[in-house]
Amino acid sequence: MTTLPNFSESLSQLIACPSISSTHDSWDQGNKAVIQLLATWFEQLGFSIEIQAVPDTNNKFNLLAKLGTGEGGLLLAGHSDTVPFDENRWQSDPHKVVSQDDKFFGLGTCDMKGFFAFILQVCKELKATQLKKPLYILATADEETTMAGARFFAQSQAIKPDVAIIGEPTNLVPVVMHKGHMSHRISVEGKSGHSSKPSLGVNAIEIMYKVIGQLMALKERFDQNHHNDAFDVPAPTLNLGAISGGDNSNRICGHCHLDIDLRSLPGMTDNELVGWLSDALKPLAEHYPGRITFVELHPSSPSFEQKKPSTFIDIAEEISGHSCCAVNYATEAPFIQQLGCQTIVLGPGSIDQAHQPNEFLAHSEIDKTEKLLTRMIQQYCL
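About the thresholds
- Residues numbered from 1 in each chain as written.
- Predicted model: local features only at pLDDT ≥ 70, side-chain atom pairs only at ≥ 80, totals over all residues.
- Heavy atoms only, no water.
- Buried < 20%, exposed > 50% of the residue type's maximum accessible area, 1.4 Å probe, protein only.
- Helix = DSSP H or I, 4+ residues; strand = E, 2+ residues; numbered from the N terminus.
- Arc of directions from axis to C-beta.

Chemist: Please clarify how helix α7 (residues 311-320) should be interpreted in this entry.
Modeler: A turn of α-helix holds 3.6 residues, and therefore any two residues three or four places apart point the same way. For α7, the set of buried residues is F312, I313, I315, A316, I319 and S320. Within α7, the buried residues cover an arc of 165 degrees as seen down the axis, which keeps them to one side. Turned more than 90 degrees away from the buried face of α7 sit T311 and E318, all of them exposed. Trailing α7 by a residue or two, G321 shows a phi angle of about 80 degrees, which is positive.

Chemist: I keep staring at unusual backbone geometry and nothing clicks. Help me out?
Modeler: Where the residue is not glycine, phi is negative for most of them; where a peptide bond is considered, it is trans in most cases. Cis peptide bonds are those with omega within 30 degrees of zero, and the linkage from D111 to M112 qualifies with -10 degrees. Within the secondary structure, M112 is located in the loop between β5 (103-105) and α3 (113-123). In this structure, P309 follows K308 across a cis peptide bond, with omega equal to -5 degrees. Along the chain, the position of P309 falls in the loop between β15 (304-305) and α7. A positive phi angle, near 60 degrees, is found at N59, a position not held by glycine. Within the secondary structure, N59 sits in the loop between β1 (48-53) and β2 (61-67). On the accessibility criterion, N59 (42% relative accessible area) is partly exposed. In this structure, D102 takes a positive phi of about 60 degrees despite not being glycine. Mapped onto the secondary structure, D102 falls in the loop between β4 (98-100) and β5.

Here is the structure:
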């Protein structure tokens with residue numbers, strides 16, 4: 001048997017396998033090399049391996065590894081992809097791990113290939129015969145864009161663990177609630193013409209100005225009427241993210257587009273949000289028939305909440321030494337939760353490092369994370 005790498009070696013090999021997810025074709029990459037590397041390692045440890053091609057993706061795959069037999073057990077899950085990077089803002093090669101100042105620098109060290117390197121280390125001493133319940137490892141595709149891997153895995157209902165940990169960087173604080181995310185493009189169809197004759201055209205920018213007024217009023221209603229104090233941003237948010245329109249200063253603008261994102265609180269449905277958006281735009285749509293439309297830019301990600309009371313939350317708080325919390329960003333948790341298991345988000349590193357130049361994972365995370373994962377496996381599998 002080939003000797004398995006230690007933590008820093010496995011982290012370096014994972015980071016050296018580019019697996020960028022992006023909505024831009026020039027950046028988007030497959031993740032097969034990462035998946036095959038993980039499959040090789042876990043197979044050597046006695047895990048059974050299943051590699052799933054994710055439908056309607058650009059050469060993307062999920063990995064499911066299983067050790068032990070029986071029902072229930074523990075699922076350790078994470079995504080195998082990373083975001084793009086700005087090479088000019090990195091002080092080292094993003095795909096090579098540099099150990100410096102008690103930190104491992106590299107693209108994906110904390111978000112979140114490092115989590116799999118931790119799992120590999122704690123599994124080295126495990127034997128299938130020791131386990132009373134199975135241990136599952138899931139590596140998904142495209143979390144950074146469409147979450148296609150987690151969506152597909154949830155639909156397959158391939159496993160039914162008792163509990164699941166998603167190892168996103170939370171500083172080892174159990175996250176039991178997060179907001180949902182959806183994004184839309186609002187389009188205004190005007191009528192172009194010469195700027196000297198405004199009455200002969202319909203200016204799309206002027207209509208979009210009125211649209212923005214309605215959106216700002218909707219944003220204010222969110223602030224006034226919807227709150228969850230578990231979040232440091234307690235209301236749903238509406239962000240005006242990007243706008244484009246027109247082609248020249250002396251032409252009446254014929255087209256204008258505005259991209260927005262909405263982040264919902266737990267308990268809010270996509271249909272509610274779309275309904276509120278539609279109601280906000282309805283008066284203008286009636287005043288300008290056929291000129292205002294909106295479409296979803298990407299598949300939405302639901303909000304997440306692990307309901308209390310939960311023995312899993314109690315155990316996670318005890319083992320981690322931290323009280324549970326809520327966060328504003330979205331994860332794969334609502335899809336993993338569809339497997340029917342209690343689910344938390346809990347992993348090494350800081351979200352402040354995710355998606356940033358010179359991303360790093362501190363050396364101090366190694367001992368704490370390995371101890372936490374070992375105790376979770378003991379609790380739910382041994």
